[in-house]
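# Descriptive structure summary
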Amino acid sequence: QIILSYLIGSVSGSMVIGKFRKVDIRDMGSGNAGGTNAFRTQGALFALGVITIDIFKGFAATYYIGTGFGEGSSLSLICGFASVVGHIYPVYHQFKGGKGAGTLIGVLLALPLSGMVIPTLILIWLFILVITGYVGLGTIITGICFPLYLYLFSNQIPELMIFGILCSILIIFTHRSNIIRMYKGEENQFEKIMLFKKILK
């Protein structure tokens, strides 16, 4: 079941959609196979298809492969985590995938967590994005907040806490290039959505 979840996660949305356009976004922009690079290099419609596939595979691996074992079950969490790892290191695509955030959303949708966890994390991500313009920074901080949210609002279930901490570490690790670029002042900003920039103008 864990291996199957990894294989499901290895189905890259950008590679599937890219087959129809005959493009490989790993050769464009940041070189990443995720939704953000898809949006920047191919537009909103392409990115929507990519994100839909990436979210669904996380949901499918967690709900259909690891379901039926109760809240915070170890198998559900491991299967979900395996699908995220598959997205990042897809066996079908030379282990060059995305950064895991989209697939993790699908995993969270499948878990019997509080209905507010995803809206809360999205609000945190949007807040950082409109303040700084950095998509990667928003994702990193949201990843850090995830286990904190679980600690505060999910009865501190040990399996969930371990899952949350591992996901947070994984998100930070996959965004290490963003951290380096931000440190060097070379990271791209989504200036159109920056709230303070608009106010200052």
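Residues numbered from 1 in each chain as written. Predicted model: local features only at pLDDT ≥ 70, side-chain atom pairs only at ≥ 80, totals over all residues. Heavy atoms only, no water.

### Quick look at the nonpolar core
If you look at the biggest cluster of nonpolar residues, it comprises 21 residues, and the most contacted ones within it are Leu104, Leu108, Leu111, Leu113, Val117, Phe146 and Phe163. Looking at this core, the elements with two or more residues in it are helix H5 (74-88), helix H6 (101-110), helix H7 (117-132), helix H8 (135-153) and helix H9 (158-174). The greatest single-element share of this core, amounting to 6 residues, is contributed by H9. Non-local contacts of Leu111, meaning those with residues more than four positions away in its chain, are made with Thr62, Ser76, Leu77 and Phe163. Counting residues in each nonpolar core, the second largest holds 5 residues, with Ala38, Phe46, Ala47 and Val50 among its members. (Core = buried A, V, L, I, M, F, W, Y, C linked by side-chain atoms within 4.5 Å. Buried < 20%, exposed > 50% of the residue type's maximum accessible area, 1.4 Å probe, protein only. Helix = DSSP H or I, 4+ residues; strand = E, 2+ residues; numbered from the N terminus. Contact = heavy atoms within 4.5 Å.)

### Some words on the packing of aromatic side chains
For the coordinates displayed, the defined rule picks out 5 aromatic pairs. For the pair Tyr63 and Tyr64, a centre-to-centre distance of 5.1 Å together with 90° between the ring planes defines the contact as edge-to-face. Using a relative accessible area of 54% as the deciding quantity, one classes Tyr64 as exposed. Ring centres of Phe146 and Phe163 lie 6.2 Å apart, and the angle between their planes is 85°; this geometry places the pair in the edge-to-face category. Here the residue Phe146 occupies a position in helix H8, and Phe163 occupies one in helix H9, the gap between them amounting to 17 residues. Comparing Phe146 with Phe163 shows no difference in burial state: the two are buried. An aromatic cluster is present here, built from Phe59, Tyr63 and Tyr64 joined pairwise through their rings. Over the face of the ring belonging to Phe173 we find Arg176, whose NZ or CZ atom lies 4.0 Å from the ring centre. (Phe/Tyr/Trp six-rings, centres within 6.5 Å; stacked < 30°, edge-to-face > 60°. Lys NZ or Arg CZ within 6 Å of the ring centre and 35° of its normal.)

### With respect to helix H3 (residues 35-42)
One turn of an α-helix holds 3.6 residues; hence residues three or four places apart share an orientation. For H3, every residue scored as buried is listed here: Gly35, Asn37, Ala38 and Gln42. Burial along H3 is one-sided: seen end-on, the buried residues are contained in an arc of 160°. Here the buried face of H3 lies against helix H2 (13-21) and helix H4 (44-65). Within two residues after H3, Gly43 carries a phi angle of roughly 100°, on the positive side. (Arc of directions from axis to C-beta.)

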